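The chain contents come next:
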Amino acid sequence: MTLLIQYTFLFASVLCLVALGGCFSEHSGIINLGLEGIMVMGALGGALTMSSMDPSTPAIIIVVATICVAIIVGMLYSSLLAFASIHFKADQTLVGTALNLLATAAATVYVRAMNTKINPDNVSTTVQYIGQKKAFIVNLGGFEFNWFMLIAVIALIVSYVVLYKTRFGLRLQACGENPQAADSVGINVYKMRWAGVLISGLLGGLGGICYITAGVSEWKFDVGVAGFGFLALAVMIFGQWKPTRIGLTALLFGFFRALSNVYSGFSWLAALKIPGTVYNMMPYIISLIVLAFTSKNSRAPKAEGIPYDKGSR
Amino acid sequence: MNEKKSLLKNPSVQAILTSLLCVVLGLFIGYIVLLIINPSGAGKAIQTILMNFMMRSSPAARLKALGNTLAKTAPLLMCALSICFCYKVGLFNIGAAGQYEMGACLGLYAAIALKMPWYVCLILAAIGGALLGAITGFLKAYRNVNEVISGIMLNWIALYVTNTILSGEKTKDIASPYTLKLSSVNKGGLIPSFGLDKLFSNNSTVTIAIPFAVVAAIIIWIILSKTKFGYELKATGYNKQAAKYAGMRENRNIIVTLAIGGALAGIGAAFLFLTGYQEWSVTQSSVPSMGFNGIAATFLGGLHPLGTILSSFFIQNITDGGALIDKSIYPSQISDLISALIIYFCGFVLFFKLQINKFIAKKEERNKAKEIMAAEGGDKK
């Protein structure tokens, strides 16, 4: 039972962070389908930082360094999306898909090249961080508290305040709803969209490193992050682009995801003989059904996906 | 001089030029990455990736390798056509991967568990893909759900459904995570080759799927550009309201488009799994890359059904070439990296075309100015 709660919170933290990232990007008017790729890149940066550090370094240094690198790598990578879709009016769906493919390929190439350089026979794509990972965990009587749970909660509160209570957040949302109007009152739409995408890179990178430290202590980069970025997109839509709802949805989806990991541990669930794949499918099915009933009056930012052209009406 | 200018103005020439530019940029960055990993063998590695089957030692081995590449080009081409067809109608069919999975699911189940002949399996695969496509279409037309979002969700749902169905006792090999080999369970389920395999040093995976895929590309091109049906679909894509006003059934058109796209992707799966080229792994936890590579092939092909034939072959060629490079130095995923880069650069195609047109306009203006100057100069004398 503690295991289930622990995994639920962990997966919910990942989903919450990444979905909030998507939320910022979409409120600025850029659809970020590349979240999956950004997660991979953030995870790669974080994992390499961890594996390069001595496990005996003070925990706080490991945590801060890993998080910083993951954030920076995530932001750098997301700037590829910003660059193409803001200045070159590229198709955002296309660029997002390209980023997803590129991230997995680049991470695989990098890790493999690194591994084979150290040992010519080693063609795996695995990065290990067994000792370093312990820095993220505080044991609270059987329940392994992970610092990322706290970070996710803080991110949620900060996102809410920024989006609804600050000038920046309201301007950001204006750029996603009606960029022409925003421009007419002197808001620099390009800058705002850059900010939105970079924040999504920050949160996406953070979510990536959070995901690969959840439960495991090594990561095979040729599988990317196994669709978690897409699940986060589902969380964002299910949460109707609102931080509070995103937080709750993340918990719900995290629960299902955790259930698929640990359902065999519950005798009554195991007795039902439902294949594990059903639990994996659940979040997607639920969000599809909910989408079918709510999309008629969707709260999606109105101008998302449309490149901003100063000259157009 | 005049001829050259009009050549540059031609949209299809522009499309080819920009696609080539994307390829060159992608290869160039790939080459730099190879140089960084190990400078001494980089030249040979990039050559291997590009030449692929030509690098084999004997002509017979070359033909066989070419056959393998072609056998995998056929499914890729079908997926690319699926995405291309839908994109022409204004829909981004990112769900092609899921439709491909459904095609594999129904096609393989019919072939292995029900021992059906190949043409029945092929039709079932098409139906599987079409159904999934139609769901996306229905959600888009009547419930206003964005096709990209529902496509992504359905990709994952279809993956888990396929894994669950194919891991039954009738279809799965007990000792491995793969489905049973078609050649040993149901020979009739294999797509026949009608002698095509003889042309490629008896490569049994070379089947009539390859010419079928090319014919499909031509049919899609004809439908889109020469028929009333295709015109209606495109009109719906440009402006749903206007299409409705003109008396077209706009909701039906959206569903039909995605169903056709789904059928194409489903057939694509049949073209891979019913040739015995490979088996479905029921433990795979990520959506097969075929659908996403299809996106690369579509955009590289300049969004033209006939262009996708060449681009599919190119993408498959570098993917197979990547598997041939010296693995003790370079990772074979370098070709995935190159194709991902190519998709990324395809995002800039609009910008490239704009630049070409600007360049032409500037040149024309300058020439005109020169002519005027020359004429004025003549007057003075």
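Since the structure is predicted, the reported quantities are computational estimates derived from the model, not experimental observations. (Residues numbered from 1 in each chain as written. Chains lettered and ligands numbered in written order. Predicted model: local features only at pLDDT ≥ 70, side-chain atom pairs only at ≥ 80, totals over all residues. Heavy atoms only, no water.)

Participant: An account of the overall build of chain A is requested, with residue identities and associated values reported.
Facilitator: Check the secondary structure of chain A and you find 13 helices and 4 strands. On C-alpha atoms alone, chain A measures out to a radius of gyration of 20 Å, which is about the 20 Å that the 2.2 N^0.38 rule sets for 313 residues. Principal-axis analysis of the C-alpha atoms gives chain A an extent of 55 × 50 × 30 Å. Classification of the 313 residues of chain A by burial places 58% in the buried group. Contacts in chain A between residues at least 24 apart in sequence constitute 77% of all its contacts with a sequence separation of at least 6. With an accessible surface of roughly 12,300 Å², chain A has 67% of that area assigned to carbon and sulfur atoms. For chain A, the centre of its 20 positive side-chain charges and the centre of its 12 negative side-chain charges are spaced 9 Å apart. (Helix = DSSP H or I, 4+ residues; strand = E, 2+ residues; numbered from the N terminus. Rg over C-alpha atoms; globule rule 2.2 N^0.38 Å. Buried < 20%, exposed > 50% of the residue type's maximum accessible area, 1.4 Å probe, protein only. Contact = heavy atoms within 4.5 Å. Areas by Shrake-Rupley, 256 points an atom, 1.4 Å probe, with all protein chains shown as cover. Lys, Arg positive; Asp, Glu negative; His and termini not counted. Charge placed at Lys NZ, Arg CZ, Asp CG, Glu CD.)

Participant: An account of empty space enclosed by the protein is requested, with residue identities and associated values reported.
Facilitator: Taken as a whole and assessed by the stated rule, the structure comprises 2 cavities of 30 Å³ or more. Each pocket or cavity is described by its volume, and for the largest cavity that value is around 50 Å³. Along its surface, the largest cavity is lined by 10 residues, and Q6, L10, I137, E144 and N146 of chain A are the ones closest to its centre. Those elements giving two or more residues to the lining of the largest cavity turn out to be α1 (2-28) and β3 (143-146) of chain A. A per-class count over the lining of the largest cavity returns 4 nonpolar, 4 polar and 2 charged. Computed from the structure, the second largest cavity encloses a volume of approximately 40 Å³. Surrounding the second largest cavity, L108, I112, T179, L180, L182, F273, G276, Q278 and E279 of chain B form its lining. Of the residues in the lining of the second largest cavity, the class split is 5 nonpolar, 3 polar and 1 charged. (1 Å grid on protein atoms, 1.4 Å probe; cavity = no way out; pocket = protein on both sides within 12 Å on 5 of 7 lines; lining within 4 Å. Points joined across faces, edges and corners; volume = space filled by probe spheres on them. Nonpolar A, V, L, I, M, F, W, Y, C, P; charged D, E, K, R; others polar.)

Participant: Now, about the packing of aromatic side chains: what can you tell me, with residues and values included?
Facilitator: This model, assessed by the stated rule, comprises 27 aromatic pairs over all chains. A ring pair is formed by F11 of chain A and Y211 of chain A, whose centres lie 6.4 Å apart and whose planes are at 45 degrees; its orientation type is tilted. With a gap of 200 residues between them, F11 of chain A in helix α1 and Y211 of chain A in helix α9 (residues 189-212) connect regions that are remote in the sequence. Of the two residues, F11 of chain A and Y211 of chain A, neither departs from the other in class, the shared state being buried. On the numbers, 6.5 Å between centres and 50 degrees between planes, the contact of F230 of chain A with W156 of chain B is tilted. Placement of the pair is F230 of chain A in helix α10 (residues 228-238) and W156 of chain B in helix α7 (residues 147-166), with the two residues belonging to separate chains. The two residues F230 of chain A and W156 of chain B agree in class, both being buried. By the ring-pair criterion, three or more aromatic residues cluster together here, those being F83 and F88 of chain A together with Y344, F345, F348, F351 and F352 of chain B. Here R257 of chain A stacks its cationic end above the ring of F11 of chain A, 5.2 Å away from the centre of that ring. (Phe/Tyr/Trp six-rings, centres within 6.5 Å; stacked < 30°, edge-to-face > 60°. Lys NZ or Arg CZ within 6 Å of the ring centre and 35° of its normal.)

The quantities given are spatial measurements derived from coordinates; they are silent on function.
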